[in-house]
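Descriptive analysis of the structure
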Amino acid sequence: MQDLLGIWRRSVEATHAFLSAADVDAIALDVESYLPRMSDLRVAERGGRLVGFVALEGDVIEMLFVDADAQGTGVGSTLLDAVLAGRALTRVDVNEQNSAGRAFYARRGFVEVGRSETDGEGRPFPILHLTARAAATPRCRP
């Protein structure tokens, strides 16, 4: 569990510049309590070291974090592919101010379907609600 929390913290510190150190510490306590309750938690490993994880509940990606030194190397895409396989529809929330996260999901076909002014714990960090259909879904032409 501590390895995953370390990945989370390093990832957030690299991509969430809008959070203060106190915000990160407070959110870390929430993450520490949420992780053990996730029914589908998958990890990515390279060279015997954990480099990322994804947590899924039903069709919702609750968390997808890649260690700061492994970002941009395909770890996030591999984790996302693993949870998208066999699903017709998947949802994820991303901080509006997390431009790297928004770009990652946009490249993977996720589109914004809603917005909340606060995060799930009522903190003043706007959240974008995204959804994606499976890549295998045929597109109709007129």
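Preceding this section is the structure that the text describes.
The sections below set out a description of the structure shown in this document. Quantities reported herein were computed from a predicted structural model and do not represent experimental measurements. (Residues numbered from 1 in each chain as written. Predicted model: local features only at pLDDT ≥ 70, side-chain atom pairs only at ≥ 80, totals over all residues. Heavy atoms only, no water.)

1. Quick look at the nonpolar core
Counting residues in each nonpolar core, the largest one holds 20 residues, and the members touching the most others are I61, L64, V75, L80, Y105, F110 and L130. Ranked by the residues each element gives to this core, the list is headed by helix α3 (residues 75–84), at four residues. Among all residues touching L64, those that are not within four sequence positions of it are F53, V54, G76, L79, L80, F104 and Y105. If you look at the next biggest cluster of nonpolar residues, it comprises 17 residues, including L4, L19, V24 and M63. (Core = buried A, V, L, I, M, F, W, Y, C linked by side-chain atoms within 4.5 Å. Buried < 20%, exposed > 50% of the residue type's maximum accessible area, 1.4 Å probe, protein only. Helix = DSSP H or I, 4+ residues; strand = E, 2+ residues; numbered from the N terminus. Contact = heavy atoms within 4.5 Å.)

2. Remarks on the layout of surface pockets
One number sums up the size of the largest pocket: a volume of about 1,200 Å³. Counting residues per element, the ones that place at least two in the lining of the largest pocket are α1 (2–15), α2 (21–34), β3 (60–66), α3, β4 (89–95), α4 (99–107) and β6 (127–133). Here the lining of the largest pocket takes seven residues from β3, the largest share from any one element. Each residue belonging to the lining of the largest pocket can be placed in one class, and the counts come to 22 nonpolar, 16 polar and seven charged. (1 Å grid on protein atoms, 1.4 Å probe; cavity = no way out; pocket = protein on both sides within 12 Å on 5 of 7 lines; lining within 4 Å. Points joined across faces, edges and corners; volume = space filled by probe spheres on them. Nonpolar A, V, L, I, M, F, W, Y, C, P; charged D, E, K, R; others polar.)

3. Remarks on the side chain of S11
Structurally, the position occupied by S11 is in helix α1. Relative accessible area serves as the criterion here: at 5%, S11 is assigned to the buried category. Reaching out from S11, the side chain makes a polar contact with the backbone oxygen of V66 at a distance of 3.3 Å. Beyond its immediate stretch of four places on either side in the chain, S11 contacts H16, F65, V66, A68 and Q71. (Polar contact = N/O pair within 3.5 Å; in protein donor to acceptor, adjacent residues only side chain to side chain.)

4. A closer look at the pattern of salt bridges
Applying the stated criterion across every chain, the model contains 13 salt bridges. A salt bridge links D25 to R9; its shortest N-O distance comes to 3.0 Å. Taken together, the positions of D25 in helix α2 and R9 in helix α1 put the pair 16 residues apart, joining distant regions of the chain. We classify D25 as partly exposed; its relative accessible area is 40%. Among the salt bridges present, the one from R115 reaches E96, with a minimum N-O distance of 2.7 Å. Pair noted here: R115 is in strand β5 (residues 111–116) and E96 is in the loop between β4 and α4, with a separation of 19 residues, a long-range link. Since its relative accessible area comes to 24%, E96 is described here as partly exposed. Three or more residues joined by partner-sharing salt bridges are found here, namely R10, R49, D67 and D69. (Salt bridge = Lys/Arg side-chain N within 4 Å of Asp/Glu carboxyl O.)

5. Side note on α2
Counted at 1.5 Å a residue, the expected span for α2 with its 14 residues is 20 Å, and the 20 Å between its end C-alpha atoms agrees. Three or more residues of α2 are buried, namely V24, I27, A28, D30 and V31. The buried residues of α2 occupy one face: seen down the axis, they fall within an arc of 165 degrees. Residues A22 and L29 are exposed on α2 and point more than 90 degrees away from its buried face. Against α1 and β3 lie the buried residues of α2. (Expected span 1.5 Å × (residues − 1). Arc of directions from axis to C-beta.)

6. What about the pairing of β3?
Of all seven residues that make up β3, six are buried, and the element is covered over most of its length. Where strand β2 (residues 49–57) and β3 come together, six bridges link them in antiparallel fashion. When the sheet's bridge partners are listed, F53 is paired in β3 with F65. Pairing analysis gives two bridges linking β3 to β4, with the strands arranged parallel. Within β4, the position partnered with V60 by the bridge is R91. Between β3 and its parallel partner β4, the chain crosses via α3, and the hand of that crossover is right-handed. (Pairing = 2+ DSSP bridges. Right-handed = clockwise from strand over helix to strand, strands pointing away.)

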